[in-house]
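Residue-level structure breakdown
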Amino acid sequence: KAGVTQTPRYLIKTRGQQVTLSCSPISGHRSVSWYQQTPGQGLQFLFEYFSETQRNKGNFPGRFSGRQFSNSRSEMNVSTLELGDSALYLCASSLGTDLYYGYTFGSGTRLTVV
Amino acid sequence: LAKTTQPISMDSYEGQEVNITCSHNNIATNDYITWYQQFPSQGPRFIIQGYKTKVTNEVASLFIPADRKSSTLSLPRVSLSDTAVYYCPLSGANNLFFGTGTRLTVIP
């Protein structure tokens, strides 16, 4: 079956711009999580959506937002981009309904802010 | 959110068994212990998961003592392609805390 698909794979934006990243989860998975990975901070949790509702949120400023659609696809948006937002953004999907959540990650979107 | 602690890096020769430990002193009753492998510019890949005692699959074994405050990932006969970063996030809430991971370098 198809894995988690993230688009685009690479993106270059200018400071002050906004960006939208997309994630298509594995068919049947209703939970989508987003992570930011940088060399200095490692993998950090952004937020998680389940059935179109944000269930959990990490410690990121309000410039980072997301949403989930009825087909479980998710988007995350970053407004007023800063140089420090340059990172690999990873999306992970899971069934999200059991005590144990098995996560499948996409290959990520590499965002570079110049 | 329970945090985990791992060694920053490890080196091993090809063909050896590698054991990577993870400390999770504040593990909660509903937390599962999971291990992920990550190659550069790719998302983490699930390796193995367990709750207690020992779990084995086709690529690794996971040893968890009775108090569950630590776990050990065992990779038998590593090859150069096992060079990667290994993480041990706890999975019991709606997100995973990855920590710094352990960078394993396999030497020919």
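See the structure above.
Below or above, wherever it landed, is the structure these notes cover.

Rules used in this analysis
- Residue numbers here run from 1 along each chain, matching the order of that chain's written sequence.
- Note on labels: chains are lettered from A, ligands numbered from 1, in written order.
- Local features in this predicted model are restricted to residues whose pLDDT is 70 or higher, and side-chain atom pairs enter the listing and the counts only when it is 80 or higher, whereas totals over whole chains, interfaces and linings include all residues.
- Processing note: side-chain calculations cover all non-hydrogen atoms of the structure and skip hydrogens and water entirely.
- One bridge is not enough; two strands pair if DSSP finds at least two bridges between them.
- For the purposes of this entry, the term helix denotes a DSSP run of H or I that reaches at least four residues, the term strand denotes a run of E that reaches at least two, and both are numbered from the N terminus.
- With axes taken as lines fitted to C-alpha atoms, and helix axes fitted only over the stretch in contact, angles between N-to-C directions fall between 0 and 180 degrees.
- Any carboxyl oxygen of Asp or Glu within 4 Å of a side-chain nitrogen of Lys or Arg constitutes a salt bridge here.
- For every residue, the accessible area obtained with a 1.4 Å probe (protein chains only) is divided by the maximum for its type, and the residue is called buried under 20%, exposed over 50%, and partly exposed between those limits.
- The criterion used for residue contact is that any of the two residues' heavy atoms lie within 4.5 Å.

Let us now look at the sheet that holds strand S5 (residues 53-56) of chain B. Residues and elements named next belong to chain B. The strand order across the open sheet formed by 4 strands is S2-S7-S6-S5, and the pairing between neighbours is antiparallel. Whereas interior strands pair on both sides, the edge strands pair on one side only; in this sheet they are strand S2 (18-23) and S5. Looking at each pair of strands side by side, their axes are set apart by 15° on average, direction ignored. The pairing of S5 with strand S6 (residues 61-64) spans 4 bridges and is antiparallel. Within S6, the position partnered with Val55 by the bridge is Leu62.

Moving on: the pattern of salt bridges. All names here are of chain A. Tallied over the entire structure, the rule returns 5 salt bridges over all chains. Glu75 serves as the salt-bridge partner of Arg67, at 3.2 Å between the closest nitrogen and oxygen. Among the residues examined, Arg67 registers a relative accessible area of 47% and is labelled partly exposed. Here Arg73 ties to Glu75 by a salt bridge, and the two come within 3.3 Å at their closest N and O atoms. Of the residues examined, Glu75 reaches a relative accessible area of 16% and is grouped as buried. A single salt-bridge network, built from bridges that share partners, covers Arg63, Glu82 and Asp85.

A few words on the environment of B:Val85. Residues and elements named next belong to chain B. Tracing the sequence through the fold places Val85 in strand S8 (residues 84-87). On a C-alpha basis, the gap between Val85 and Ser41 in space is 11 Å, while along the polypeptide they are 44 residues apart. In contact with Val85, not counting residues within four places along its chain, are Tyr36, Gln37, Gln38, Thr100, Gly101, Thr102 and Arg103.

Now for the sheet that holds strand S1 (residues 5-7) of chain A. Residue and element names in this part refer to chain A. Spatial strand order, S1-S3-S8-S7: 4 strands in an open sheet with antiparallel pairing. Two strands bound the open sheet, and with one partner strand each, they are S1 and strand S7 (64-68). Neighbouring strand axes in the sheet, compared pairwise and without regard to direction, differ in orientation by 20° on average. Alignment of strand S3 (residues 19-24) against strand S8 (residues 74-78), held across 5 bridges, turns out to be antiparallel. Each bridged residue has a counterpart across the sheet, and for Cys23 the counterpart in S8 is Ser74.

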